[in-house]
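Spelled out from the first residue to the last, the chains are:
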Amino acid sequence: MAAPPRSPARTSWLLSTPALLLLIFGAAGPLLIVLVYAFLEPGEYSGVVWQFTTEAWFRVFFERDIFDGTVSPADAHLTIFWRSLELSVLTTLTTFVIGLPMAWFIATRPANQRAIWLFLITIPFWTNLLIRTFAIMEVIRNQGILNSLLIRLGVISDPIQILYTETAVLIGMAYVYLPLMVLPLFAAIDRFDFRLLEAGYDLYASRWQVLRRIVLPIVRPGIVAGSILVFVPSLGAYVTPRILGGGKNMMIGNFIELQFGQGRNWPLGAALSLILLAIVLIALLIYVRVTTREDSRHG
Amino acid sequence: MDDQPAIRIADARKLYGSGEAAVRALDGVSLDILNGEFFTLLGPSGCGKTTLLRLIAGFETPTEGRIHIAGADVSDDPPNRRPVNTVFQSYALFPHMSVRRNIAFGLEMLGRQRGEIAETVERMIALVQLSDMAERTPTQLSGGQQQRVALARALAPKPKVLLLDEPLSALDLKLRKEMQLELKRLQHETGITFVFVTHDQEEALTMSDRIGVMRGGRLLQVGSPREIYNHPADRFVADFIGETNFLSARVEAEAVVLQNGARVPLASTRTPGSMVTLAVRPEQVQLRPDGPIAATVRQVVYSGTDTHCYAALSDGTQIVARLQNPPSGEVGLQAGEAIRIGFAEDAVQMLDD
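Nothing here was measured: the structure is a model prediction, and the numbers come from that model.

Draft legend 1. Focus on a nonpolar patch on the surface. Together, Phe105, Ile116, Trp117, Phe119, Leu120, Ile123, Phe125 and Trp126 of chain A line one region of the surface with nonpolar side chains, adding up to about 790 Å² of accessible area. A per-element tally of the nonpolar patch places helix 4 (residues 111–122) of chain A first, with four residues.

Written out as structure tokens, the structure is:
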């Protein structure tokens, strides 16, 4: 006796159950915990006390003097947020400027060579992030490869201080996230019809005009994907700024970690995490809005 | 300066690679294309016709030789500084732009005034009859419509010369016939010199003012469709354009003698005893009782307007006669039947061996 056929809707629900469970327990659940913790009082040594308060949110933006109780804006927090945003935008731009020619180069190789180049791009992914970051450190530190080479060549007489600066964090993040930019760009350029370049030149466009009016608009999906893939993890970056930025060039990720560790203020950490999430969402919204407006203008 | 050729190509050579392995894509081509002319480069694939077109457009630089457009030497100019536009075989329309923006692109790059651009674009859209489609993107158009956009886009900047690289090859037969007429009309209306590349000899014959037949990187013959068809310069041209019967013969005084011994009266200025090839179009082959050549019918093929009669001479040489069908549709021939063949003296083209 044949089983009655299941309705397609029910089947697809059944099939997506594992994914749904994973989402509920892996994403929605923790997020809910973070949301709840952000409205509780910090415990004495760690953890939380189950007492409702909005003190954590207040502490995100303002400082209260321990002795006289006067309130002043939390400039240090704003600096950290601003630095994170700035470094993430710069990282995205840097990876784009380096990644576009790279992706173009790979996409224009003969088909049998492309796999090798793509393989080389992905190799760093197989190495631990910590090790890669220490490798960068070895390159840029005062007695490192870069400074030694420049001194040997007589370009400079004293080592340039790069390590433990924002530049070091930028270099490190650009290096770490470059493949995330190159791969989607490659995928977009690979589909690009190169005969359109000739059509552009034939219609009196200069190289720059061909790039701006034909290439960039057509590969834009790759640019959008690459930018998001680089910007989002950059904003939450933790390991790279910690190692290359030293103690003073903290980013949001490090600051949040501090609250859950030495700071012993879990609610503040939770509130900061939610703000980071909000910044990412707003940034993405703006980005999507800007790029789609561009689209309708050209369409 | 109207007598100045639109394009002058002086001894153009193009080699790919170097040394012994170099491929001669163009092997010394010299050609003048006149103002307002519909000129067709015709030849089999790999004959160099597309290379020559790309040389004019500036996508390739000649290894040797010069290219002049409207009197100016453009050999060293990049494509965006040459007063020519191209209709590409693949159309190469910009997929992210509407029909209107595609057509406006060249004018925008030339820095024309907004008003002038809008006006020209509207005129072009009307010219290629795409008024209803102006806001669509290329992917929303059929092949024939894309073809029209490509034409309008290339014509909008009013180039001195329009280059067309096998633009009709992707269309089906009916549409192709339509576009052939359309192209002629556009050329007539705009007065722009067209250089058209094709491997389709019928297309070349119906559309062109003049045709240049190419093979192996060389220009074999340049002439009007009539000249090329009726007086092909050599065996290749005769064979490539239309159907042709080739008969080997030896020249005698006031006649030629075929290989099977048949004597055909034919005046010639050539030395008696020299060997020649006679080229005769199938439609010029006559079946008549007093014909000088004896043959046997092998096959009779009816094809609507005509009947093709395939016959063999006594030495096995094949010959095809194209006979116009009478109202009954029956030419009254049967396989195995003995016939006699002849042709008018001026229907025979005598080619050197």
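There is more to say after this.
Draft legend 2. Representation of the pattern of salt bridges in the model. Residue and element names in this part refer to chain B. Under the criterion given, the structure shown has 34 salt bridges over all chains. A salt bridge links Glu60 to Lys14; its shortest N-O distance comes to 3.9 Å. Taken together, the positions of Glu60 in the loop between helix 1 (49–57) and strand 4 (64–69) and Lys14 in strand 1 (residues 7–16) put the pair 46 residues apart, joining distant regions of the chain. The same class applies to Glu60 and to Lys14, which are both buried. Among the ionic pairs, Asp352 bridges to Arg270, the shortest N-O distance being 2.2 Å. Of this pair, Asp352 sits in strand 20 (residues 348–352) while Arg270 sits in the loop between strand 13 (263–265) and strand 14 (275–280), placing them 82 residues apart in sequence. The exposed category is assigned to Asp352, whose relative accessible area is 59%. What you see here is one network of salt bridges that share partners, running through Asp11, Arg13, Arg24, Asp27, Glu64 and Arg218.

Draft legend 3. Spatial organisation of the sheet that holds strand 16 (residues 293–303) of chain B. Spatially, 15-19-16-17-18 (chain B) is the arrangement adopted by the five strands of the open sheet, whose pairing is antiparallel. Edge positions in the sheet fall to strand 15 (286–287) and strand 18 (318–324) of chain B, since each of these pairs with one other strand and no more.

Draft legend 4. The environment of Phe67 of chain A, seen in detail. The topology assignment puts Phe67 of chain A in the loop between strand 3 (62–64) and strand 4 (71–73). Along the chain, Phe67 of chain A and Thr11 of chain A lie 56 residues apart, while their C-alpha atoms are 64 Å from each other.

Draft legend 5. Main features of the pairing of strand 2 (residues 23–33) of chain B. Residues and elements named next belong to chain B. By the bridge criterion, eight bridges tie strand 1 to strand 2 in an arrangement that is antiparallel. In the sheet register, Lys14 faces strand 2, and the bridge partner there is Leu26. Between strand 1 and the antiparallel strand that follows it, strand 2, lie six residues; Gly17 among them carries a positive phi value of about 80°.

Draft legend 6. Expanded view of the interface of chain B and chain A. Between chain B and chain A, the residue contacts involve 27 residues of the former and 18 residues of the latter. Buried surface at the junction of chain B and chain A, both sides included, amounts to about 2100 Å², of which 59% is carbon and sulfur. Together, Asn80, His96 and Met109 of chain B form the three largest contributors to the area buried by chain B at its contact with chain A, with a combined 30%. Taken together, chain B and chain A are joined by two salt bridges. We note a salt bridge from Glu108 of chain B to Arg213 of chain A, for which the minimum N-O separation is 2.7 Å. Linking chain B with chain A are eight residue pairs in polar contact (both at pLDDT 80 or more). Elements represented by at least two residues in the side of chain B that touches chain A include exactly strand 6 (84–87) and helix 2 (99–109) of chain B.

Draft legend 7. Molecular detail of the packing of helix 7 (residues 166–190) of chain A against helix 10 (residues 220–235) of chain A. All names here are of chain A. Relative orientation of the contacting elements helix 7 and helix 10 amounts to 160°, with a least axis distance of 7 Å. Put simply, helix 7 runs roughly antiparallel to helix 10. Taken as a pair, helix 7 and helix 10 cross one another with a handedness that is right-handed. Between helix 7 and helix 10, the contacting residues are Met173, Tyr177, Leu180, Met181, Pro184, Leu185 and Ala188 on the first element and Gly222, Ile223, Ala225, Gly226, Ser227, Leu229, Val230, Pro233 and Ser234 on the second. Each residue belonging to the contact of helix 7 with helix 10 can be placed in one class, and the counts come to twelve nonpolar, four polar and no charged.

Draft legend 8. Up close: the sheet that holds strand 7 (residues 161–165) of chain B. All names here are of chain B. Here six strands make up an open sheet; going across it, the order is 6-7-8-3-9-10 and the pairing mixed. Single-partner strands in this sheet number two, and they are strand 6 and strand 10 (218–223). Within the sheet, the average angular offset between the axes of one strand and its neighbour, ignoring direction, is 20°. With four bridges joining them, strand 6 and strand 7 adopt parallel strand pairing. When the bridges of strand 7 are listed, Asn85 appears paired with Leu162.

Draft legend 9. Broad picture of the UniProt feature "domain: ABC transporter" (unreviewed entry) in chain B. Following the UniProt record, the feature "domain: ABC transporter" (unreviewed entry) maps to residues 7–241 of chain B here. From the first C-alpha to the last, residues 7–241 of chain B spans 25 Å; its make-up is 36% helix and 26% strand.

Draft legend 10. Seen up close, empty space enclosed by the protein. All names here are of chain B. The final tally for this structure, using the stated rule, is one cavity of 30 Å³ or more. Roughly 40 Å³ of internal volume is contained in the largest cavity. Around the largest cavity, the lining residues are Leu247, Ser248, Leu258, Gln259, Leu313, Asp315 and Thr317. Grouping the constituent residues of the lining of the largest cavity by class yields three nonpolar, three polar and one charged.

Draft legend 11. Structural context of the packing of helix 4 (residues 143–155) of chain B against helix 5 (residues 173–190) of chain B. Residues and elements named next belong to chain B. Look at helix 4 against helix 5: their axes get within 12 Å of each other, and the N-to-C directions meet at 15°. The orientation of helix 4 relative to helix 5 falls into the category roughly parallel. When the axes of helix 4 and helix 5 are compared, the crossing they make is right-handed. Listed contacts from helix 5 to Gly144, Gln147, Arg148, Leu151 and Leu155 of helix 4 are Leu175, Glu178, Met179, Glu182, Leu183, Leu186 and Thr190.

Draft legend 12. Structural context of the domain arrangement of chain B. All names here are of chain B. Partitioning chain B into structural domains gives domain 1 (7–239) and domain 2 (245–352). Look at where the C-alpha atoms of domain 1 and domain 2 centre, and you get two points 39 Å apart. Contact residues are listed per partner, giving ten residues for domain 1 and six residues for domain 2. Summed over both sides, the interface of domain 1 with domain 2 buries roughly 750 Å², with 50% coming from carbon and sulfur. Sorting the residues of domain 1 by area buried against domain 2 places Tyr229, Arg235 and Ala238 first, and these three jointly supply 65% of that buried surface. Viewed at the interface, domain 2 and domain 1 are joined by zero salt bridges. Where domain 1 meets domain 2, there are four residue pairs in polar contact (both at pLDDT 80 or more). Taken together, the elements giving at least two residues each to the side of domain 1 that touches domain 2 come down to helix 7 (225–230) and helix 8 (235–240). Classifying every residue of the side of domain 1 that touches domain 2 by side-chain character gives five nonpolar, two polar and three charged.

Draft legend 13. Looking closely at unusual backbone geometry. Positive phi, close to 75°, is recorded for Tyr91 of chain B, a residue that is not glycine. As for its position among the elements, Tyr91 of chain B is in the loop between strand 6 and helix 2.

Draft legend 14. Spatial organisation of the environment of Ile171 of chain A. With respect to the element layout, Ile171 of chain A can be found in helix 7. Beyond its immediate stretch of four places on either side in the chain, Ile171 of chain A contacts Ile136, Ile140 and Ile162 of chain A.

Draft legend 15. Spotlight on the side chain of Asn147 of chain A. Locating Asn147 of chain A in the fold gives a position in helix 6 (residues 145–153). Beyond its immediate stretch of four places on either side in the chain, Asn147 of chain A contacts Val139, Ile140, Arg141, Asn142, Ile156, Pro159 and Ile160 of chain A.

Conventions we followed
- Along each chain, residue indices are assigned from 1 in the same order as the chain's sequence is written.
- Here the convention is simple: chains get letters from A, ligands get numbers from 1, in the order in which they are written.
- Only residues with pLDDT of at least 70 get local features here, since the model is predicted, and only at 80 or more are side-chain atom pairs given and counted; chain-wide, interface and lining totals rely on the full set of residues.
- Neither water nor hydrogens contribute to the side-chain values; these are computed over all heavy atoms in the structure.
- A patch is a set of surface residues, each over 30% in relative accessible area and not in a salt bridge, joined within 9 Å for like charges and within 5 Å for the nonpolar side chains Val, Leu, Ile, Met, Phe, Trp and Tyr.
- For the area figures, the Shrake-Rupley method with a 1.4 Å probe applies, and any residue is considered shielded solely by the protein chains shown.
- Throughout this description, the term salt bridge denotes a Lys or Arg side-chain nitrogen within 4 Å of a carboxyl oxygen of Asp or Glu.
- Note on conventions: DSSP H or I runs of at least 4 residues are helices, E runs of at least 2 residues are strands, and numbering of each starts at the N terminus.
- Partly exposed describes any residue whose relative accessible area lies between the buried limit of under 20% and the exposed limit of over 50%, with all areas from a 1.4 Å probe on protein chains only and scaled to the type maximum.
- Strands are labelled as partners when DSSP assigns at least two bridges between them.
- By definition in these notes, contact holds between two residues if any of their heavy atoms fall within 4.5 Å.
- Values labelled buried area give the accessible surface lost by two parts on being combined, using a 1.4 Å probe and summing over both.
- Nitrogen and oxygen atoms within 3.5 Å of one another constitute a polar contact, given that in protein one can donate a hydrogen and the other can accept it, and given that sequence-neighbouring residues count only through two side-chain atoms.
- Convention adopted: a line fitted to C-alpha atoms gives each axis, helices being fitted over their contacting stretch, and angles between N-to-C directions are expressed from 0 to 180 degrees.
- Here is the rule for angles: anything less than 35 degrees is roughly parallel, anything more than 145 is roughly antiparallel, 65 through 115 is roughly perpendicular, and the remaining ranges are oblique.
- Working rule for handedness: look at the near helix, and if it is turned counterclockwise from the far one by less than a right angle, call the crossing left-handed; if clockwise, right-handed.
- Side-chain classes follow a simple rule in which Ala, Val, Leu, Ile, Met, Phe, Trp, Tyr, Cys and Pro form the nonpolar group, Asp, Glu, Lys and Arg form the charged group, and the remainder, Gly included, forms the polar group.
- UniProt positions are given in the numbering used here, feature names are shortened, and annotations may be inferred rather than shown by experiment.
- Cavities and pockets are found on a 1 Å grid laid over the protein atoms alone: a cavity is a set of points where a 1.4 Å probe fits but cannot escape, a pocket is an open set with protein on both sides within 12 Å along at least five of seven lines, and a lining residue has an atom within 4 Å of such a point.
- Grid points are joined across faces, edges and corners, and a volume is the space filled by probe spheres set on the points.
- Domain ranges listed in this record stem from an automatic or a database domain assignment.

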